[in-house]
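# A structural walkthrough
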Amino acid sequence: MLIRILGVPEVHDERQRRRVRLAGPMQGALLGALLARPGVVVPTGRLTRELWGERPPAKAANALQAHVSRLRGRLALAEPERANAPRLVRHSTGYELAAGERDTDAGRFRLAVAAARGLAEQEPQAAYEALRQALALWRGEVLEGIARGPICAGLAAGYERIRQDALETLFDTALRTGRHEDVLGELRAAVAAHPGRSRFQEQLALALRGRPAPVVVRARRPGPDSGRPDEIERLHGIIRLLASEQRSLRTRLERLTALVSCPE
């Protein structure tokens, strides 16, 4: 069985190659809240607030139990061999969902990205292909179509950060292996979607110039390494590149202006 949350939440029976849809957004929210801490008991009170916020129904405990029961039934449909050992278990203080990294598309994505980033420095071609496969697991936004409480919102934000980091590494390996044209459209989309993420802007500038990216083996965020000589040199290189691009554009503009203003 594969639990899928990178898109509309659903359960996939990998043996029969069929998907089991959840009954509604409440089941999706419950599934997301339990997957935020798999293998750990999530207190009933936290689940209640996740599903209904500060205005739970009069019999919230009974309503929660009904949603849990229905979700357990959907999981059983996708994994009938575990009928006598359900993954979703009730405890005195809450509920627990037993799920490993490889039991969810999000977990498989995270493992695949970590493995690909380990290859990026020495084997950019293999890393690029592995990241393409990992990113293909995304069918939409995390837990798409549900109203996210604080638990699900945190889960979604965490995986979105991993996705953006994976895109950075994908673009780096693409530029290092001569795939500038292949990722140009994706880079433009990434810059538009995440204007505050400067690395995407740097990579777009490199792609437009047809230049390889410098080797990146870690996420580019401010930290204790930001003052190292190699980091300073990298930033100086980007400044020089952008300055060159600006001069080129200015020259082209001057030529066009001269042509337009030239009398016939």
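A brief look at the structure comes next. Fair warning: this is a prediction, and the values are worked out from it, not measured in the lab. Once a new chain begins, its residue numbering starts again from 1 and follows that chain's sequence as written. Per-residue local features of the predicted model are confined to residues with pLDDT of at least 70, and side-chain atom pairs are confined, for both listing and counting, to 80 or more; whole-chain, interface and lining totals are unaffected and use all residues. Note: side-chain values were computed over all heavy atoms of the structure, leaving out hydrogens and water.

## Examining the overall build of the protein
Let me state the cut-off plainly: By the criteria applied, helices consist of DSSP H or I runs no shorter than four residues and strands consist of E runs no shorter than two, each listed in order from the N terminus. Burial here depends on accessible area, computed with a 1.4 Å probe over protein chains only, as a share of the maximum for the residue type. Under 20% is buried, over 50% is exposed, and the range in between is partly exposed. Residues count as neighbours in contact if any of their non-hydrogen atoms are within 4.5 Å of one another. Working definition of accessibility: Shrake-Rupley area with a 1.4 Å probe, residue cover restricted to the visible protein chains.
If you tally the helices and strands in the protein, you get nine helices and six strands. Split into buried and exposed, the 264 residues of the protein put 40% on the buried side. A sequence separation of at least 24 residues applies to 65% of the contacts in the protein between residues at least 6 apart. Looking at the protein as shown, the accessible area adds up to about 14,600 Å², and 53% of this sits on carbon and sulfur atoms.

## Quick word on the sheet that holds strand S5 (residues 88–90)
Sheet strands line up and pair through hydrogen bonds in the backbone, either parallel or antiparallel. The criterion, for reference: The criterion for strand pairing is that DSSP finds at least two bridges linking the strands in question. Between the N-to-C directions of two axes lies an angle of 0 to 180 degrees, each axis being a line fitted to C-alpha atoms and, for a helix, fitted only over the stretch in contact.
Pairing is antiparallel in the open sheet, where three strands are placed in the order S4-S6-S5. A single partner strand is all that each edge strand has here, and the edge strands are strand S4 (42–43) and S5. This element, helix H3 (residues 60–78), spans S5 and strand S6 (94–97) of the sheet and lies at about 150° to S5.

## Remarks on the sheet that holds strand S3 (residues 18–21)
Strand order in this open sheet of three strands is S1-S2-S3, and the pairing throughout is antiparallel. Of all strands in the sheet, those bounded by a partner on one side alone are strand S1 (2–4) and S3. Strand-to-strand twist of the sheet, defined as the mean angle between neighbouring strand axes without regard to direction, takes the value 25°.

## Section: the packing of aromatic side chains
Cut-off, in case you're wondering: For Phe, Tyr and Trp, rings pair up if their centres lie within 6.5 Å, where Trp contributes its six-membered ring, and each pair is then called stacked (planes under 30 degrees apart), edge-to-face (over 60) or tilted (otherwise).
Going through the model one piece at a time under the given rule, you end up with two aromatic pairs. Geometrically, the ring pair formed by Phe109 and Trp138 is edge-to-face, given 5.5 Å between the ring centres and 80° between the ring planes. Of the two residues, Phe109 is situated in helix H4 (residues 105–119) and Trp138 in the loop between helix H5 (124–135) and helix H6 (150–176); the sequence distance between them amounts to 29 residues. Neither Phe109 nor Trp138 differs from the other in exposure class; each is buried.

## Some points on the pairing of S3
Across four bridges, strand S2 (residues 10–13) lies against S3 in antiparallel orientation. Paired with Asp13 across the bridge in S3 is Arg18.

## Quick notes on the layout of surface pockets
Note the threshold: The method works on a 1 Å grid over the protein atoms by themselves. A cavity is a set of points holding a 1.4 Å probe that cannot get out, a pocket is an open set with protein on both sides within 12 Å along at least five of seven lines, and residues with an atom within 4 Å of a point line them. Grid points are joined across faces, edges and corners, and a volume is the space filled by probe spheres set on the points. The nonpolar class holds Ala, Val, Leu, Ile, Met, Phe, Trp, Tyr, Cys and Pro. Asp, Glu, Lys and Arg form the charged class, and all remaining residues, Gly among them, are polar.
Roughly 220 Å³ of volume is contained in the second largest pocket. Taken together, 15 residues make up the lining of the second largest pocket; nearest its centre are Leu35, Pro38, Glu101, Arg110 and Tyr159. Put simply, the parts of the chain that give the lining of the second largest pocket at least two residues each are H4 and H6. For the lining of the second largest pocket, the element with the highest residue contribution is H6, accounting for four residues. Among the residues making up the lining of the second largest pocket, the classes are represented as nine nonpolar, four polar and two charged.

## A word on unusual backbone geometry
Residue Arg17 is not a glycine yet carries a positive backbone phi of 55°. Here Arg17 lies in the loop between S2 and S3. The exposed category is assigned to Arg17, whose relative accessible area is 75%. A positive phi angle is found at Leu143, which is not glycine, with a value near 55°.

## Things to note about helix H7 (residues 180–193)
In an α-helix, one full turn covers 3.6 residues, which means residues spaced three or four apart are oriented alike. The condition is simple: Helix span is expected to be 1.5 Å times the residue number reduced by one.
In this model H7 runs 19 Å from its N-terminal to its C-terminal C-alpha over 14 residues, within 8% of the 20 Å that 1.5 Å per residue would give. Taken together, the buried positions of H7 are His180, Val183, Leu184, Leu187 and Ala190. Elements that come into contact with the buried residues of H7 comprise H5, H6 and helix H8 (198–209).

## Remarks on H8
Between its terminal C-alpha atoms H8 stretches 17 Å, which fits the 16 Å expected from 12 residues at 1.5 Å a residue. Those residues of H8 not exposed but buried are Arg199, Phe200, Glu202, Gln203, Leu204, Ala205, Leu206 and Ala207. Downstream of H8 by a residue or two, Gly210 has a phi angle that is positive, lying close to 70°.

## A few points about the pairing of S2
What you see with S2 is no split at all: Glu10 and His12 on one side and Val11 and Asp13 on the other are buried throughout. Bridge count for S1 against S2 is three bridges, and the pairing is antiparallel. Opposite Ile3, over in S2, you have Val11 as the bridge partner. Taking the residues that link successive antiparallel strands as the turn, the S1-S2 hairpin has five residues, and the phi of Gly7 there is positive, at about 140°. Hairpin connection from S2 to S3: four residues lie between these consecutive antiparallel strands, with Arg17 at a positive phi of about 55°.

Functional significance is not addressed by these values, which are geometric in nature.
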